[in-house]
Amino acid sequence: MTDEQELVFAGFVTFFDPPRESAGAAIAALGANGVGVKILSGDNERVTQHVCTELGIPITGVLSGAEIEGLSEDALAARLEQTNLFCRVTPVQKNRIILGLKRRGHVVGYLGDGINDAPSLHTADVGISVDSAVDVAKDAADIILLQHDLGVLERGVTEGRRAFGNIMKFVMMAMSSNFGNMFSMAGATLILPFLPMLPVQVLLNNLLYAISEMPIPLDEVDKEITEKPEHWDIHFIRNFMLVLGPVSSVFDFLTFGLLLLVFHAMRHCFRLVGS
């Protein structure tokens, strides 16, 4: 072709997209808080390993898309725990990795901003994208980061765990209190010819107790709660309710006995003290 005649070599043109300096510190902070970071990339092994070296990310294992293609679901799941770098993977293979992690009991968050990331964002427990991502990725994501800083994720994880710890406080206090009240009322029907509290008084008591719990969202939590993931444990809540509820009822029964045996109180006195 005439267009390719008498050309002069001037040099190479390269695209340089350096990793953000804050990314390494944010990933290290996530790891310290019990959040494992795995990199799923369509790039080759050398490029991806170089980026990890630049960010100070230790590589515990490398798995390529070609290797994943030859692995069964069980074999892939067995490799997932010790591997944190997946190179030259297709969108379908990313989905396999996410599903394998979920089958092993992990809660998986996925960060992506491209069209090919949309299926993985939908499959993950928490899909995360950025405001500059393509529309289909933002539509599939559960969370959209307005700041291009992975430190936001680390702070979000810490704040979420603090909120979860305070929710557990509220639930355990409310459950044990309500169970104790109902246990006291049920026990009182066996020894008293009348109810010690009217239904409206019981509801008012619950309302006042709930109001006293309103400052809990502002409460701090132990450092151990924010340093590792916590899970909803209905058995622990049940046991807490069954132990602490009757303990509060012991004091109710002591009050009933004092009013009945010492002061010989009647119905209106019980309800006045109970309210």
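Above this text sits the structure in question.
From a predicted model like this one, the values you see are computed outputs, not experimental measurements.

We now examine the sheet that holds strand β1 (residues 39–40). If you walk across this open sheet you meet the three strands as β1-β3-β2, and the pairing is parallel. Taken across any chain shown, the strands that pair with only one partner, and hence form the sheet edges, are β1 and β2 (62–64). By the bridge criterion, three bridges tie β2 to strand β3 (residues 85–87) in an arrangement that is parallel. Across the sheet, residue Ser-64 finds its bridge partner in β3, namely Cys-87. Along the sheet, helix α2 (residues 45–55) makes contact with β1, β2 and β3, crossing β3 at roughly 150°.

With that out of the way, let us pick up the environment of Ala-77. Along the chain, Ala-77 turns up in helix α4 (residues 73–80). For the pair Ala-77 and Arg-103, spaced 26 residues apart in sequence, the C-alpha separation works out to 8.2 Å.

This part is about the pattern of salt bridges. Across all of its chains, the model carries 10 salt bridges by this definition. Residue Lys-94 is joined to Asp-117 by a salt bridge in which the shortest nitrogen-to-oxygen separation is 3.4 Å. Linking Lys-94 in helix α5 (residues 91–103) with Asp-117 in the loop between β4 (109–111) and α6 (118–123), this pair joins segments that are 23 residues apart in sequence. Judged by relative accessible area, Lys-94 falls into the buried class, the value being 9%. Note that Lys-138 is salt-bridged to Asp-135, the shortest N-O span being 4.0 Å. Taken together, the residues Lys-138 and Asp-135, both in helix α7 (residues 135–140) and three residues apart, mark about one turn of the helix. Judged by relative accessible area, which is 55%, Asp-135 ranks as exposed. Each of the salt bridges in this network shares a partner with another, and the network as a whole consists of Glu-73, Arg-96 and Arg-103.

So, on to the packing of aromatic side chains. Evaluated as defined, the whole model comprises five aromatic pairs. Both rings, one in Phe-9 and one in Phe-12, keep their centres 5.4 Å apart while their planes meet at 70°; by these two values the pair is edge-to-face. A relative accessible area of 62% places Phe-9 in the exposed class.

Glancing now at the state of the cysteines. By the definition in use, this model includes zero disulfides. The thiol of Cys-52 is not disulfide-bonded; the next cysteine sulfur, from Cys-87, is found 7.6 Å away. Take Cys-52: its relative accessible area is 2%, and that puts it in the buried class. Among the residues examined, Cys-87 registers a relative accessible area of 0% and is labelled buried.

Quick look at the side chain of Asn-84 now. By secondary structure assignment, the location of Asn-84 is in the loop between α4 and β3. In terms of polar contacts, Asn-84 uses its side chain to reach the backbone amide nitrogen of Thr-60, at 3.0 Å.

Conventions used here
- Residues numbered from 1 in each chain as written.
- Predicted model: local features only at pLDDT ≥ 70, side-chain atom pairs only at ≥ 80, totals over all residues.
- Heavy atoms only, no water.
- Pairing = 2+ DSSP bridges.
- Helix = DSSP H or I, 4+ residues; strand = E, 2+ residues; numbered from the N terminus.
- Contact = heavy atoms within 4.5 Å.
- Axes fitted to C-alpha atoms, helices over the stretch in contact; angles between N-to-C directions.
- Salt bridge = Lys/Arg side-chain N within 4 Å of Asp/Glu carboxyl O.
- Buried < 20%, exposed > 50% of the residue type's maximum accessible area, 1.4 Å probe, protein only.
- Phe/Tyr/Trp six-rings, centres within 6.5 Å; stacked < 30°, edge-to-face > 60°.
- Disulfide = S-S within 2.5 Å.
- Polar contact = N/O pair within 3.5 Å; in protein donor to acceptor, adjacent residues only side chain to side chain.

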